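# What the coordinates show
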Amino acid sequence: MSAPNTSEQGKPATQKSTKKAMPQRLDAVICTNGLSGPFIGGCRKTQPGKKSQLGEKEQKFVLDEKLGSDVDVTVVSHWHNGKSHWYGVTLSFDHSFNNKVNEDAGFGACYQPTIDNPDMAKLELRDQYSIVVKLPYNMDEYTISMRDVSNSVELPQQIRELSPVTQIDIQLHHGSRFLVDGFGLPFANPGHASDGWINANTPIVGKTDLLGLLSSSKLTLLVVKLELGIEFGRHQPELFRYPFDYSFPKPQKFDIDVFEKMIRENKGERFRPTFTFDNDTQSVCSNTMAHVMDTFWLYNDSCSIRNTKVPAYFVLEKEEPVNPDEPIYFAVIHLNQTFRDQYKAHWEHLVKDGTVSLHLGDIDRPLNGQIMERPETLPALLDKHAFAKQVSTAKNAVAEQFSLDLVVKVRVKGEDQSLLKTFDGRAEAEGVFENSVTLDFNIPLGDLERKVMAVETFLPGSDACPPETDPEFDSDELNFKMALHRDLMRGTGFFDTLTAPSLSGAMDAMTLGTEASSPTPRPLPVFNFFEIEDKILKQQILEEALPSDRTRMELYGAKRYCNVALVSAPGGTGKTTALSTLTLGGLHSLHGGKVYGSGPTHTAVTNFALRIYANGRKVIDRYNKVVPSTSRRSYPLVVRGYSPKVEVETFTNILKTGIAADGAFKSRNPKNTPRWRLALSPSNWLLAILGSKSLEQSQEAGIVPTLLPEHATCLHKLKEEIDSVDGSVARICQLARGELTWEAYCDGDQVDKHLLEKWLQTIINNADVVMTTPATAQGKWFKQFWQVAKIIAIDEAGCMSKADLCSIWGNTLRPIILAGDVKQLPPTMMELETKDVEGNYANRFGTCGRISALAWLQAAGLPTFRLLRQLRMCKGMFDLANELFYSDYKNMAYGDVCHPAQPSHAVGRAFEQYLLGRDPTLTPSPEGCLLPVFWHMPKTRVDVVGTSKLNRMQVKGALELLDDFVKKFPCASPQDFVVISAHKPNVDYGNRLLKSGLLHLRGMPPVQTADSFQGREGSISVVITGTRSGIIPGFVADENRLNVMLTRQKSGLLIIGDKDVTGVIAGKPKEVQKAEKASKMGKVFYDINGEKTHSKLKPLRDVIVWIHKKGRILEVKGEEGKNTSKKDNKKLADEEKKLADEEMKLAEEEKKLVEEETAKVADSITEYDELDWGNLYDLDYYVD
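Once a new chain begins, its residue numbering starts again from 1 and follows that chain's sequence as written. Only residues with pLDDT of 70 or above have their local features reported here, since the model is predicted, and side-chain atom pairs are shown and tallied only from 80 upward, although totals for entire chains, interfaces and linings are computed over all residues. Only heavy atoms go into the side-chain values, all of them from the structure, while hydrogens and water stay out.

Take the overall build of the protein chain next. Segments assigned H or I by DSSP are reported as helices when at least four residues long, segments assigned E as strands when at least two residues long, and all are numbered from the N terminus. The secondary structure content of the protein chain amounts to 37 helices and 39 strands. Expressed as a percentage of the 1184 residues in the protein chain, the buried residues total 57%. Across the protein chain, contacts joining residues at least 24 apart in sequence account for 78% of those joining residues at least 6 apart. The Shrake-Rupley method, run with a 1.4 Å probe sphere, supplies the accessible areas, and residue values consider only the shown protein chains as cover. A total accessible area of about 49,300 Å² is found for the protein chain, and carbon and sulfur atoms account for 49% of it. A simple rule labels every residue: compare its accessible area, found with a 1.4 Å probe on the protein chains alone, to the largest value its type can have, and call it buried under 20%, exposed over 50%, or partly exposed in between. Note on contacts: a residue pair is in contact if any heavy atoms of the two residues lie within 4.5 Å.

This part covers the nonpolar core. Side-chain atoms within 4.5 Å link the members of a nonpolar core, which is a set of buried Ala, Val, Leu, Ile, Met, Phe, Trp, Tyr and Cys residues. Counting residues in hydrophobic clusters, the biggest one holds 265 residues, and the most contacted among them are Leu-91, Met-289, Ile-333, Leu-439 and Leu-818. Listed in part, the 38 residues of the second largest apolar core include Leu-950, Val-966, Leu-998 and Leu-1114.

Within the open sheet, the 7 strands sit side by side as 23-24-22-25-26-21-27. Their pairing is parallel. Either end of the sheet is taken by a strand with one partner, and the two such strands are strand 23 (638-640) and strand 27 (864-866). On average, adjacent strands in this sheet sit at an angle of 15° to one another, irrespective of strand direction. Any two strands are treated as partners once DSSP identifies two or more bridges connecting them. Pairing between strand 22 (residues 595-598) and strand 25 (residues 791-794): 4 bridges, direction parallel. Looking across to strand 25, one finds that Tyr-596 is bridged to Ile-792. Interaxial angle, 0 to 180 degrees, is taken between N-to-C directions of lines fitted to C-alpha atoms, where a helix line uses only the stretch in contact.

On to the confidence of the model for the protein chain, then. Scored by pLDDT, the protein chain has a mean of 84; 83% of the residues are at 70 or more. Under a pLDDT of 50 for its full length, residues 388-402 has, in the predicted model, 38 contacts with residues more than four places off or in other chains. Every residue is assigned a pLDDT by the predictor, reflecting its confidence on a scale from 0 to 100. This model gives residues 1149-1184 a pLDDT under 50, and the stretch forms 90 contacts once residues within four places in sequence are excluded.

The pairing test for Phe, Tyr and Trp rings, Trp by its six-membered ring, is centres within 6.5 Å, and the orientation test on the planes gives stacked under 30 degrees, edge-to-face over 60, and tilted for anything in between. Counting across every chain of the model gives 28 aromatic pairs. Put simply, the rings of Phe-911, Tyr-914, Phe-965, Phe-969 and Phe-977 pair up and form one aromatic cluster. Its guanidinium or amino end placed over the ring of Phe-480, Arg-522 lies 3.7 Å from that ring's centre, counting from NZ or CZ. Either the NZ atom of lysine or the CZ atom of arginine qualifies as a charge over a ring when it sits within 6 Å of the ring centre and within 35 degrees of the ring normal. Sitting over the face of the ring of Trp-856, Lys-802 holds its NZ or CZ atom 3.6 Å from the ring centroid.

Tracing the backbone shows Ser-683 in helix 18 (residues 682-690). What makes Ser-683 buried here is its relative accessible area of 0%. Once you skip the residues sitting within four places of it in the chain, Ser-683 turns out to touch Glu-647, Thr-650, Phe-651, Trp-676 and Leu-760.

On to the side chain of Ser-1019. Within the secondary structure layout, Ser-1019 lies in strand 35 (residues 1018-1024). Judged by relative accessible area, which is 12%, Ser-1019 ranks as buried. Apart from residues lying up to four places away in sequence, Ser-1019 is in contact with Val-907, Asp-976, Gln-1049, Lys-1050, Ser-1051 and Gly-1052.

What follows deals with the pattern of salt bridges. Just to be clear on terms, a salt bridge is a Lys or Arg side-chain nitrogen sitting within 4 Å of an Asp or Glu carboxyl oxygen. The tally for this structure, following the rule as stated, stands at 41 salt bridges. Among the salt bridges present, the one from Asp-181 reaches Lys-134, with a minimum N-O distance of 3.0 Å. Of the two residues, Asp-181 is situated in strand 11 (residues 179-181) and Lys-134 in strand 8 (residues 128-134); the sequence distance between them amounts to 47 residues. Accessibility classification places Asp-181 together with Lys-134 in one group, the buried group. A salt bridge links Lys-956 to Glu-960, with the nearest nitrogen and oxygen atoms 2.5 Å apart. Separated by 4 residues within a single helix, Lys-956 and Glu-960 lie in helix 31 (residues 952-968), roughly one turn from each other.

Right, let's talk about the pairing of strand 36 (residues 1049-1057) for a bit. Across the 9 residues of strand 36, 8 count as buried, placing the element largely inside the fold. Relative to strand 36, strand 30 (residues 933-936) runs parallel, the two sharing 4 bridges. Within strand 36, the position partnered with His-936 by the bridge is Gly-1057. Pairing of strand 35 with strand 36 involves 6 bridges; the strand directions are parallel. Directly across from Ser-1021, in strand 36, lies its bridge partner Leu-1053.

This part covers the sheet that holds strand 33 (residues 977-981). Spatial strand order, 34-33-35-36-30-39: 6 strands in an open sheet with parallel pairing. Either end of the sheet is taken by a strand with one partner, and the two such strands are strand 34 (1008-1009) and strand 39 (1113-1114). Against the sheet, helix 30 (residues 906-918) contacts strand 30, strand 35, strand 36 and strand 39, and its axis sits at roughly 40° relative to strand 35.

What follows is about unusual backbone geometry. Excluding glycine, residues mostly have negative phi values, and the peptide bonds linking residues are mostly trans. With an omega of 5°, the peptide bond between Gly-37 and Pro-38 qualifies as cis. As for its placement among the helices and strands, Pro-38 is situated in the loop between strand 2 (24-31) and strand 3 (39-40). Pro-164 follows Ser-163 through a cis peptide bond whose omega is 10°. Within the secondary structure layout, Pro-164 lies in the loop between helix 2 (157-160) and strand 10 (166-172). Phi is positive for Asn-442, close to 50°, though the residue is something other than glycine. The residue Asn-442 is located in the loop between strand 18 (435-440) and helix 10 (446-456) in this model. Positive phi outside glycine occurs at Leu-813, with the angle close to 60°. By the secondary structure assignment, Leu-813 is in the loop between helix 26 (802-809) and strand 26 (816-820).

On to the packing of helix 13 (residues 535-542) against helix 15 (residues 575-588), then. Between two packed helices, both the angle of their axes relative to each other and the distance between the axes serve to describe the pair. The interhelical angle for the contact between helix 13 and helix 15, taken along N-to-C directions, is 165°, at an axis separation of 9 Å. When the axes of helix 13 and helix 15 are compared, the pair comes out roughly antiparallel. Remark: the crossing between helix 13 and helix 15 carries right-handed chirality. Counting all contacts with helix 13, which are made through Leu-537, Ile-541 and Leu-542, the residues of helix 15 involved are Thr-581, Leu-584, Gly-585 and His-588. Per-class residue counts for the contact of helix 13 with helix 15 are 4 nonpolar, 3 polar and no charged. Oblique is the label for any angle not covered by the other classes, which are roughly parallel (under 35 degrees), roughly antiparallel (over 145) and roughly perpendicular (65 to 115). In this scheme the crossing of two helices becomes right-handed for a clockwise turn of the near helix relative to the far one and left-handed for an anticlockwise turn of less than a right angle. Following the grouping adopted for this structure description, the nonpolar residues are Ala, Val, Leu, Ile, Met, Phe, Trp, Tyr, Cys and Pro, the charged ones are Asp, Glu, Lys and Arg, and the polar ones are all others, Gly among them.

Moving on, we come to the pairing of strand 14 (residues 328-334). Burial runs high along strand 14: 6 of the 7 residues are buried. Taken together, the 5 bridges between strand 13 (residues 310-316) and strand 14 define a ladder with antiparallel strand orientation. Within strand 14, the residue paired with Leu-316 across the bridge is Tyr-329. Inspection of the sheet shows strand 14 paired to strand 17 (residues 405-411) by 7 bridges, in the antiparallel sense. Bridging from a neighbouring strand, Phe-330 pairs with Lys-409 of strand 17.

On to the environment of Cys-733. With respect to the helices and strands, the residue Cys-733 is situated in helix 21 (residues 728-736). Apart from residues no more than four positions distant in its own chain, Cys-733 is found in contact with Leu-690, Ile-722 and Asp-723.

Secondary-structure assignment places Pro-926 in the loop between helix 30 and strand 30. In sequence terms Pro-926 and Lys-1110 are 184 residues apart; their C-alpha atoms lie 9.6 Å from each other.

It is worth spelling out helix 36 (residues 1098-1109) at this point. For helix 36, spanning 12 residues, the distance from its first C-alpha to its last is 16 Å, which sits close to the expected 16 Å at 1.5 Å a residue. Contacts made by the buried residues of helix 36 are with helix 29 (879-884), strand 30, helix 34 (1039-1045), strand 36, helix 35 (1069-1081) and strand 39. One or two positions beyond helix 36, positive phi appears at Gly-1111, with a value near 70°. An expected span of 1.5 Å times one less than the residue number is assigned to each helix.

Attention now goes to the environment of Glu-468. Along the chain, Glu-468 turns up in the loop between helix 10 and helix 11 (475-490). Spatially, the C-alpha atom of Glu-468 lies 9.1 Å from that of Thr-812, the residues being 344 residues apart in sequence. Apart from the residues lying within four places of it in its own chain, the contact partners of Glu-468 are Phe-473 and Leu-478.

What follows is the structure, encoded as structure tokens:
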């Protein structure tokens, strides 16, 4: 906040400016020796077109090298709606001409938030290193004075010619300091004086160095503008806004009620995405509230529903139940339109996992139930129990069924059956519905609590997390690292932390131009991931990198500022391999050791674990071949961990069934996709120790089938320990080896579950690398390892939230490696666009929550190691994404294996030939390339299913095309294909079609959503947009989601949709220009329900236009391209209903088997307390 201006005579201004505060950026120079110079600034060598991080300005000063210096100095009045307001000065140092040199030398590439549209929370390559010198926020801490010096004889002629010139003096009062952002960040500009100014604090001009300048109490600047036109310091302090001064509680035990009060008392607009915060409280508040507000409203609705009685009646599944003591009933629950409307915003999320508990007043225990998706197919509910007719205007496109009734399948114990009200038919029950039930969707808060508590450890005064266990640790060094870690999460550089130890009372007396020496800042901590004493081992680890990347990777990994290594690149460039190389280096480095690995999803964690184990084995195999037998090393012990309850249950199922497979984890919910994988799990290692016969016969990818001499010594020791024990231990070994049946084992002594857990825990504790999700890391089996791990490694960090980063990293600045791609899917914020009737956003911090862990650290100024060679996609397949999504990767090249003539791309060549045969007007791909194709399928019918969409014709057309392709080209295999859609109903419909008799597609992977397929790949990728001209494309047009869908292929990419969905792309120039403008500005659509919607379409339009310019629009003049009538669509819907009915039968049969197996297992060694029903199917929630 500014103090009053004073005139040239030093008198305070008599009137304050009453006009509206405006942002302003003025070109300036800093006086170091009065008005005669030399000056800091005014002599720039900035490349044309380069922009400052804070915006553009008009360049005024053009001085020669004797009078000025190559620094861009700007006086700033930062008046930005939704951000903190401040006055200050920026110093920018251009390094754009050295960006490539820096990457080649292993320094890395630096990013900054996008200048053109900061609200998009995107990043771009940084060309200037900027330090922001802000005036204190308290107006009593400084004085500003201005005077016109245009005619001063002291001014050099070069400046007098620029009249009018105003001198601005900023004088700090005693004890005050400038607020400095950006100081201490890694910087490299070889061959330029700024490298010494910033890294060695050499004088910029005369005796004035950077640190002396920032530590001074006075600044004198010159600007070319009349005093009356200068905004700097002219407005009252009350005009300042602090949007993140959001009421935030002091650290305490997690209590959702405390947050509820804050949320309800602070409603309003959504805050803009922010990459810097004024203080730690703002940083913690933003990070915390993004997740609290994203969960609270769903939790609030679940509580409200739990307190609302609704009418229901019960129908016995079978007149003669299989289990009379605990028969199955269907609860038919009537939910009126008022109820549906009240909870419409969250209903899809509440019923997503397909489970709910019913509470009846007369029954003590809840009835845990499964929601029936297609109740009209249930025999027990046919005829007599007809349903209410569909009343919603948005018809359910899967089947025309009721919308006001919910059917839940429950088991009811014998003594409770008499308390249920049953009826012979719906007619008898209608109007009665005597049972009053409440629905309990059990929204858990445990994961939210974990995130909140992890983020709050970044408040000043928090304890170290994890706690320091070394009794001789240096407390000063620990506090220093924790302070730096808080600085990183604030995003403002390290000035106060780096200069605090060397500051003394004398610093306040320092003024510009004095001969006193500048304070010496502490250097940033640096970690060397390749400080490996065994040079042969180091060489073998680095061989995992591409030959062209080895030198710069070694240089990059050897000097990681703030102990942070970042790896970023598009799909298909080997990010996970690069991550594994750095991780293996950290594992064996002098100051490294055990590694804890993680990722935002189970798939990411599993893929990372498999890669690091495979690469670790290759490294050791090469190493052992070139060293004496006495110096040989063991393979790294990599454990992919899950919760104790899941692990013991699956281990037992494998012993029981004799089948070692991923399906050993039996989900109680048919809707749930099991995430447990056998490969590298504690069960995998224990089965190998026991000599499991089923493990040796298993076909699962990535498993360890048997214990090898090269495996870790601790595994062999555990094997010796187990083999030396008789009784139940010997019997379980016989069972594992197939020498004893499960029945025979159950008839005798059995190993106690606690001993099983002890063995599994021993494997985990002795591992070199443990991999879990962030939630599982805090469970009882893994927290000990997490606390002692020396290195943290994260894959797919581009879609990991900052809160999860805090949870897995801790707050002590442990060495960490993050790999990912910020241009693909960011963290999910469920309430991002939700507003109440008054226009208040449900999640005011939603856009901040979408900033990923990787994006945050890149924006904070830490250099990134980028991979610049495409290794997966055939030449030409990445061109579209490179041009539209990865314009910052200008030096991208294809590897030798990417030529279409390579055998690995034979299916791509065949697909090109097939598509050219379908449409002779299609332009062939250029020689030596294969390009994507867009199949124009216009006027197809689009149905709304809940909040999503279904386009049957495009789904059916896609699968029939692939079926025909395999039929005509035997070289193609169904395993080569991946089919992706942004909409779940398209996915469900496609998977039903796959089971219906498309003979040539047997064995094809299931159709997937874009979100679930991130990080995976296939030879031929088919993307179903489900779009049609005149209907809003929705999140299909989202740039990040498009990028994911269009970068999954190796050899072929076919996109299916309507080419005119964003407006015409060819024809009359005026119409094309109008459509182009609308796609940039946003276009008004009316969705199927007639509601007005505003959507930005530029990314999707750019994709279609790019393909159109290449002549790669496929237009088939046949059945697939014709307009689908209601009759055609009804026929498809009838076919789908038949498929769904068949699928339901299969699901019920499978569920029955699962229940029988689970019941038997529960009687043996897995007697656990009952799990929370709502959490039963997410492996992370098994954490104790």
